[in-house]
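These are the residues of each chain, in order.
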Amino acid sequence: MAPFEWTGLTLIVVNLALGFGFGFVLERAGFGDSRKLAAQFYLTDLTVLKVMFGAIVTAMLLLLWAGALGWVEIDRVVVSPTFLTSGIIGGLLLGIGFIVGGYCPGTSLVAFANLKIDALLFVAGLVFGIVVFGETVPMFWEFFQTAGARGVYTLDQWLGVSKGMAAVLVTFIAVFAFWGAELLETTVERRRSRRVSGGKS
Amino acid sequence: MTPDRNLQEKGTWNWKRIGGLVAMVASLGLLIVPQPGIGAKVARLAPELDTLLADRTVQIDGAELLDLMHNNQVRLLLLDVRDEADFNVFHLLDAWNVTAEDLLGDKPDEVDPETIVVLMSNDEARAAELWRLARARGLVNSYILAGGINGWLEHYGEHFEPRPIAVADANGAAEPMRFTYPAAIGDRTETAWPDPHHLPPQDYEVKVKVVKPIGLEGGGCG
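Please read all numbers here as calculations on a predicted model, not as lab measurements.

With that settled, consider the overall build of chain B. Counting secondary structure elements, chain B contains eight helices and seven strands. Residues classed as buried in chain B amount to 42% of the 222 residues present. Approximately 12100 Å² of chain B is accessible, and the part contributed by carbon and sulfur atoms is 55%.

Next up, the structure:
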């Protein structure tokens, strides 16, 4: 079976199928709607948190179980190196863009596929940003490649525990986050309803 | 919460509970079925590794290593697995003196997966032993210097000064160094990094093939 070595037309077909599947699932999850995505930041709809955290936990458990059963060599799966400072700055910028624009890069393409005007403008800005970044990156390349560099640095290494224990912690945190998110949504919704009904009376 | 949402929530609540429970049980199961240890991994890979060793697919000629040492287009890591005393007497330029403990520790994680790693001992047996560990630790582009350091000195030593001196009695060591120098010279001789222009042309069978790791390009937000 694995490793799969696809080339040429097969590779294109596989990529298209995966891309279509990913886009379809994002759309069905409601991620083609900027209002739903932006609601994350107003604590009224935490679907993004739940879907993303759910995806992380699912992928983590499947990968680690595949490793435990000897189906995947975890050592051969490339883990991107950690650049803490660059990551924090990049995350903040992405977050600001997310709140202002209502999309993140992938979801903007999903919304664009639905021919939404705001998504069209967001994608135009995205492309412009990519060009600007590409043209200016030599100016801050050294900082970008060294700021907070930790090499390949995973949670189990940081905590000094086994991969299994790290997975347990992440899963329990995720389940707690799901429960907390639902609670928060209900509370915020209730307060808003009270405020609206109070305003009317 | 609107009435519609209430109904929807009630319908999905059980599924959410079941999903959360399954995830928690699956994660706890990873404590019972841990990731394969290095021993289990070596044992699992044993048939494949034994075949590669028996076919001499991974034992590269000294001439091929020499070309790699002079090739600035590849990342090369030389791991000398001999005792420190032998290492001090002579070693190849930029070689690291490592032990099995080093290969079991964090060092392999720091090596770029596309780096060509060549292990060497006095002959081949010790290098082959640690090569298994290196492969099991994910260094998929690991090779062994055919003939080891003894073979290297035998082949290249005579071309450069100081010349290595053959040792008749190796004190019954398991894999002894069959050459020595008047003093521990380490890599302070051209034999440690011979200039191919100072050597007669050599033919060899090319065995090094760089295997790319399973890549997860990109990622991030959906």
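Taken residue by residue, chain A gives an average pLDDT of 87. The fraction at 70 or more is 96%. No element of chain A has a lower mean pLDDT than strand β2 (residues 149-151) of chain A, which averages 81, and none a higher one than helix α3 (residues 47-68) of chain A, which averages 91.

Listed as interface residues are 34 residues of chain B and, on the opposing side, 34 residues of chain A. Approximately 2900 Å² of surface area, both sides summed, lies buried where chain B meets chain A, with 65% of it carried by carbon and sulfur atoms. The shortest N-O distance in the salt bridge between Glu 182 of chain A and Lys 16 of chain B comes to 3.0 Å. Between chain B and chain A we count three residue pairs in polar contact (both at pLDDT 80 or more) in total. Counting residues per element, the ones that place at least two in the side of chain B that touches chain A are α1 (3-32) and α2 (38-54) of chain B. Ranked by the residues each element gives to the side of chain B that touches chain A, the list is headed by α1 of chain B, at 13 residues. Considered class by class, the residues forming the side of chain B that touches chain A number 19 nonpolar, seven polar and eight charged.

This next bit is on α2 of chain B. For an α-helix, 3.6 residues make a turn, and residues three or four places apart therefore share a direction. Residues and elements named next belong to chain B. At Ala 46, α2 shows its maximal bend, which comes to roughly 60°, and the proline Pro 47 appears one to four places after that position. The complete set of buried residues in α2 reads Lys 41, Val 42, Leu 45, Ala 46, Leu 49, Leu 52 and Leu 53. Buried residues in α2 make contact with β1 (59-60), α7 (125-136) and β5 (142-145). Taken from the residues just after α2, Arg 56 is the one with a positive phi, measuring 55°.

Before going further, it helps to examine the confidence of the model for chain B. Here chain B averages 87 in pLDDT, and 87% of its residues register 70 or above. Interface confidence for the predicted complex, given as ipTM, is 0.77, next to a pTM of 0.66.

What counts, and at which threshold
Residues numbered from 1 in each chain as written. Chains lettered and ligands numbered in written order. Predicted model: local features only at pLDDT ≥ 70, side-chain atom pairs only at ≥ 80, totals over all residues. Heavy atoms only, no water. Helix = DSSP H or I, 4+ residues; strand = E, 2+ residues; numbered from the N terminus. Buried < 20%, exposed > 50% of the residue type's maximum accessible area, 1.4 Å probe, protein only. Areas by Shrake-Rupley, 256 points an atom, 1.4 Å probe, with all protein chains shown as cover. pLDDT = per-residue confidence, 0-100. Contact = heavy atoms within 4.5 Å. Buried area = accessible area lost by both parts, 1.4 Å probe. Salt bridge = Lys/Arg side-chain N within 4 Å of Asp/Glu carboxyl O. Polar contact = N/O pair within 3.5 Å; in protein donor to acceptor, adjacent residues only side chain to side chain. Nonpolar A, V, L, I, M, F, W, Y, C, P; charged D, E, K, R; others polar. Bend = angle between axes of the 7 residues up to and from the residue.

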